[in-house]
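Residue-level structural notes
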Amino acid sequence: MNVRFFAAAAAATGVEEQRFDVAALAGTKPFTLAELSGYLAESFPVSASGHTPPLAEILTRCSFLVNEVSTRNLEHQLSPGDVVDVLPPFAGG
């Protein structure tokens, strides 16, 4: 799975894109967007930027695209080939 970070999420992680092995993270059980969010928060506990809060704080306000389709369903099951975009609010929105 490929995760792409935008704006404040990219600043907090210090990367714009990162690959994750869904099978290694989930084993044989389904892996959800909520679980990915938790994993990301644990993987990036400290902000890479002195001007950006930690990713865990940013994720609470983010929208997500899975394969270019917006979803608010955190129980959405992810697959190994998925592309997940992490989109914090832009321009004060």
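Residues numbered from 1 in each chain as written. Predicted model: local features only at pLDDT ≥ 70, side-chain atom pairs only at ≥ 80, totals over all residues. Heavy atoms only, no water.

Okay, the sheet that holds strand β7 (residues 83-87) next. Across the sheet, which stays open at both edges, the 5 strands sit in the order β2-β1-β7-β4-β5 with mixed pairing between neighbours. The open sheet has two free edges, formed respectively by β2 (17-19) and β5 (69-71), since each of these has just one partner strand. Shown here is a sheet whose adjacent strand axes are inclined to one another by a mean of 25°, direction ignored. (Pairing = 2+ DSSP bridges. Helix = DSSP H or I, 4+ residues; strand = E, 2+ residues; numbered from the N terminus. Axes fitted to C-alpha atoms, helices over the stretch in contact; angles between N-to-C directions.)

Burial in helix α3 (residues 33-43) covers these residues: Leu33, Leu36, Ser37, Leu40 and Ala41. The buried residues of α3 occupy an angular sector of 135° when the element is viewed end-on, so they sit on one face. (Buried < 20%, exposed > 50% of the residue type's maximum accessible area, 1.4 Å probe, protein only. Arc of directions from axis to C-beta.)

Applying the stated criterion to the full structure yields 2 aromatic pairs. A ring pair is formed by Phe5 and Phe44, whose centres lie 5.8 Å apart and whose planes are at 75°; its orientation type is edge-to-face. Taken together, the positions of Phe5 in strand β1 (residues 2-5) and Phe44 in the loop between α3 and α4 (55-59) put the pair 39 residues apart, joining distant regions of the chain. Take Phe5 and Phe44: they sit in the same class, and that class is buried. Arranged with centres 5.5 Å apart and planes meeting at 90°, the rings of Phe20 and Tyr39 form a pair that is edge-to-face. Linking Phe20 in the loop between β2 and α2 (22-26) with Tyr39 in helix α3, this pair joins segments that are 19 residues apart in sequence. (Phe/Tyr/Trp six-rings, centres within 6.5 Å; stacked < 30°, edge-to-face > 60°.)

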